[in-house]
Structure formats: structure tokens, C-alpha cells
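What follows is each chain in one-letter form.
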Amino acid sequence: MCAAAVCAGAAVWLVAGQDQGLRRARLLFAGGAGVPAPSRLSWERLLVGVRQRREWLCVPATLVLAVLAGSVLPLIAGALAVPLVRRRLQAGERRKEAERRAAGVIALCAAVVGELRAGLQPGQALLPAVRSTPVLGGAEAAVLAAARFGGDVPQALREAARQPGADGLAGVAACWRVAVDGGAGLAAGLDRLEAALRAEQDQREDLRAQLAGAWSTIVLLALLPVAGLAMGAALGADPLTVLFHTPAGIACLVIGGLLEAAGLCWAARIVRAGEEA
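Scope of this entry: the structure provided in the associated data block.

## A word on the layout of surface pockets
Then comes step 1: Its boundaries defined by the atoms lining it, the largest pocket holds a volume of some 1,900 Å³.
Then comes step 2: Those elements that place two or more of their residues in the lining of the largest pocket are helix H3 (58-69), helix H4 (73-117), helix H9 (186-234), helix H10 (239-245) and helix H11 (247-276).
Then comes step 3: In this model, the second largest pocket occupies a volume close to 1,100 Å³.
Then comes step 4: Every residue lining the second largest pocket is counted, 28 residues in all, and those nearest its centre are Arg 95, Glu 99, Arg 204, Arg 208 and Glu 275.
Then comes step 5: At the level of elements, H4, H9 and H11 are the ones that each hand at least two residues to the lining of the second largest pocket.
Then comes step 6: It is H4 that provides the largest number of residues to the lining of the second largest pocket, a total of 11 residues.

Following this line, the structure appears as C-alpha cells:
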């Protein structure tokens, strides 16, 4: 516990030292008006750092467990878990980004339809819609250039549709091609495309809500061994000493950890298969 307190204090001190230059700059260029207090800046920067490096929270958590158990095994396990947790968090961020991009495609369709019905031409309607819904990412410049200077807008949209979550832009490109080549109404096509994409999004959200119970069950089952250890400690059995300082306890710890990991992976795979379907 003392080591964990020392690590936390060192982190706060380092963050506070890094904020001195920022405080000086704000005082110099803003005349000191509206500058937050040093302690507030330090805590805000610390919270931002924790959010950006959440996987490193495994180390202090396992450090506390290592102090309680009197063994370095939890600390080694925490250090090995950092890259695995980082991969998991990065996958979650990529999934959230894809969902935000899919919602942005729906908003883009609605914005273009609104501009078209206001009397603008397709190229002119696409420009403000793209600026108001930044969903194209790195392909935004190419799409804007094609719309402004009479380029191949469908091809630029198809290139942008290769981004994760931006599959709906391929439908926008198809509607644009049909409207330009066949003279069909672009607003009507985008309106139907928006309705289809919104229905698909609602279906995904409904499926996610139905699978929330399964995820809760998985988390509950994963925490049962921790509850068992807590009950054993409350009864005076000292389970941490048995697990980390006896051969039979270490064998049970390794086998139980492998079975726990296999069960979590199996259950998560079943739930993800349902999400993909």
C-alpha cells in the first residue's frame, strides 16, 4: 500500500511539473484572466492521461494485490496484461468510431436531401452537407474537390466508403450515379437510403440491448472467483497466502486462471457471433 501511494504521488507531481509551462503561457498571453488554479490543471491533466492510458491501471491494481499477497506474481501478471488490455481498448475505440461514422453517413444523407429540396444543385448541396457532418475523414478533400470542380463524385464517395462504418457511402455513390446518368431524382433515392440505413442502425441497437443481459451474465460469472476469495478472507482462511505461497495453491491459481480465460473467450465469442449475425 505504501508503494502504491508513492507511485500515485509521483504521478501527480510529474503532471504538476508539466503544467508549469502551460500556466506561464496562459498568464503571459491572457493576462492571468480566467486561468484555472494549478491544482485544477494538474488534476485535469491527470484525468486526461488516465483516460488515454487506461491499460496501465492494471499495474497499480496488481501492485496492491502483490502487497496484500506478499508475492511478485500479481505484479508480473499485471505487466503481462497491459498489452492485452490495450488491444481490447483499441478494438473498442475502433468499433465506436465505426458506429459514429455510420451515424454520420445517415446525417449526411439527411443534410443533402434537405439542401436539394431547398433548391440547390447536387454538387452545391453536397458541399455544406459534408462540412456540417464530418464523416469522410481523409477522403473529405477529394469529395469536396470533385463536387466543387465537376469531378467524379461517385468514385470519390466509393473511395471514402472503404473506411470502417462508412459502407453507406457506397449507396450514396450509387444514387448519385443513377441520378446523373439516368436523370432520376437524387433526393428521393437518398431519402430511401437514409430510411434503410436508419432501420439497420435501429436493428443493431435493438440487438445490442438484447445481448446486454448476456454480457452482464458473463461479467457476473467472471467475478465469482473474486467473491470466493473475499468470502474466504472474511472467514479467516487467508486464501492469498495459500494461492501464492504453496505449490498446490499456485497450481490451482494457474489452472483456474486458464479456465477463467478460456470461459471468458468462449462466452465472448458466442455473444459476438450473435452481434455479427
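## Some remarks on the nonpolar core
Then comes step 1: In this structure, Leu 126, Leu 169 and Leu 190 are the most contacted members of the largest nonpolar core, which totals 36 residues.
Then comes step 2: Looking at this core, the elements with two or more residues in it are H4, helix H5 (122-132), helix H6 (140-149), helix H7 (153-160), helix H8 (168-182) and H9.
Then comes step 3: With seven residues, the top contributor of residues to this core is H4.

Cut-offs and rules
- Residues numbered from 1 in each chain as written.
- Predicted model: local features only at pLDDT ≥ 70, side-chain atom pairs only at ≥ 80, totals over all residues.
- Heavy atoms only, no water.
- 1 Å grid on protein atoms, 1.4 Å probe; cavity = no way out; pocket = protein on both sides within 12 Å on 5 of 7 lines; lining within 4 Å.
- Points joined across faces, edges and corners; volume = space filled by probe spheres on them.
- Helix = DSSP H or I, 4+ residues; strand = E, 2+ residues; numbered from the N terminus.
- Core = buried A, V, L, I, M, F, W, Y, C linked by side-chain atoms within 4.5 Å.
- Buried < 20%, exposed > 50% of the residue type's maximum accessible area, 1.4 Å probe, protein only.

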